[in-house]
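# Results of the structural survey
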Amino acid sequence: MTSAVSIVASNDNLTPKFNDYRSRVMLGELPSDFLRIQLLESQIYNPLNAQLDIQQNPNFLGYFTLTIAEAKLIKNSGPLGLLRMDPYVRFQVGHVSYETPTATGGGKNPQWKASYRFNLFKGMKRIHIEIFDQRSFTEDNFIGECNIDIPREVFEGQTYQHWYSLMGREANANENQGDILVIMSFATMLGDSSSSFENPSISNSPTMSSLSSQSNSLGESNLPYAVEDIKTIEEMFPTIDRQIIIDLMGKYEGNKDIVVNCLLQNSQS
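What you are looking at is a predicted structure, and each value in this text was computed from that prediction instead of being measured. (Residues numbered from 1 in each chain as written. Predicted model: local features only at pLDDT ≥ 70, side-chain atom pairs only at ≥ 80, totals over all residues. Heavy atoms only, no water.)

### What to know about the overall build of the protein chain
- Scanning the protein chain from terminus to terminus reveals ten helices and eight strands.
- Accessible area for the protein chain stands at about 16,600 Å²; split by element, carbon and sulfur atoms hold 51% of it. (Helix = DSSP H or I, 4+ residues; strand = E, 2+ residues; numbered from the N terminus. Areas by Shrake-Rupley, 256 points an atom, 1.4 Å probe, with all protein chains shown as cover.)

So this is what it looks like as C-alpha cells:
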C-alpha cells in the first residue's frame, strides 16, 4: 500500500503544473507567415518557363492545330429514328483527348467549328475520331469512327483539310456511316502559322464560307480555341472580365491550361 502511494506521488511530481503549461503559450498577434507554406522562387509555377521546358524536350515536334468542322451523316440514330440527333465528337492523339461541344439538334448535318491546339511529340502520328449522339436518359449512342494518319503535307507547313469516312464497329454494321470534315495545321514555334481559316483555299471554299461569316467563329477571331473555352474559364473565374480572358487566350495561342494558371496566380497574389 505504501509503495503504491509513493508511485502516485512520484508521477505527480513529474507532471508539469498548469502554470508551467500556461507559461509556454505564446500570447499576442500571430506572425504573418503562421501556418503558411513559403515556396521558393524555383517552386512557383511559371507558364512561360514550362513552355520553354517543353520546347527543349528532344521529343517535342511543335504545335498541332486540329479543327473539327462538320459532318454529313447517313442515318438518323435519334430516339425512335424520329427525333433529331445531338452529335458530338471525341478524338484522341497520343495521350491527348478532347470532346467537342454538342451540336444540339444538329441531326445528320452537325457543325462544331471547334479548334484545338496542343503540343505534338514524337509518336503522336495518328488521330482517332468517334462521333456519338448524346442521350438524356440512356447511354450515348455510337455513330461512327475513323483513324487518321497526320499527312506529310501538314508537317511541311501546309494547312490540310479533308473529308474522312466514318465506319461502324460491328461486323454487320461495318459500312460507311457518313463523313467528317477535319482541318489540320502544324507549326514548330508559336505564331509560325496562322489560323486554318485564313488560308484562301479554305476560306473561299463553299464548305467553310458559312464559318467565316459568323462573328463568334474562329475565322474572325483567328485564335485556335472554341468559344466554349472562353465560357469554361469565365465559369471558373466569374469576377474576371471577359476581355482579359480573351486577351490571355490570344497571348498564349489558345493554351487554356496556361491561361488558367496565370489567373490562379493573380488571384492568389
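### Here's the deal with helix α8 (residues 227–236)
- Along α8, the residues classified as buried are Asp229, Ile230 and Ile233. Looking straight down α8, one finds its buried side chains confined to an arc of 100°; they lie on one side. (Buried < 20%, exposed > 50% of the residue type's maximum accessible area, 1.4 Å probe, protein only. Arc of directions from axis to C-beta.)

### A look at the pattern of salt bridges
- Within this structure, the stated rule accounts for nine salt bridges.
- Between glutamate 99 and arginine 90 there is a salt bridge; the shortest N-O distance is 2.9 Å.
- The exposure class of glutamate 99 is partly exposed, given its relative accessible area of 43%.
- Under the relative-accessibility criterion, arginine 90 is labelled partly exposed at 31%.
- When the shortest N-O distance is used, the salt bridge between arginine 152 and glutamate 156 registers 2.7 Å. (Salt bridge = Lys/Arg side-chain N within 4 Å of Asp/Glu carboxyl O.)

### A short note on the confidence of the model for the protein chain
- Averaged over every residue, the pLDDT of the protein chain is 74; the share at 70 or more is 63%.
- Helix α5 (residues 200–203) is the least confidently modelled element of the protein chain, averaging 36 in pLDDT, while strand β5 (residues 126–133) averages 96, the highest of any element.
- Note on residues 5–9: pLDDT under 50 across the span, and zero contacts to partners over four residues away in sequence or across chains.
- Of the regions scoring below 50 in pLDDT, residues 193–222 engages in 47 contacts with residues more than four places distant in sequence or in other chains. (pLDDT = per-residue confidence, 0-100. Contact = heavy atoms within 4.5 Å.)

### Notes on the pairing of strand β8 (residues 176–187)
- A large share of β8 lies buried, amounting to ten of its twelve residues.
- By the bridge criterion, ten bridges tie strand β1 (residues 60–73) to β8 in an arrangement that is antiparallel. Within β8, the residue paired with leucine 66 across the bridge is methionine 184.
- Examined bridge by bridge, strand β7 (residues 160–167) and β8 share eight bridges and lie antiparallel to one another. (Pairing = 2+ DSSP bridges.)

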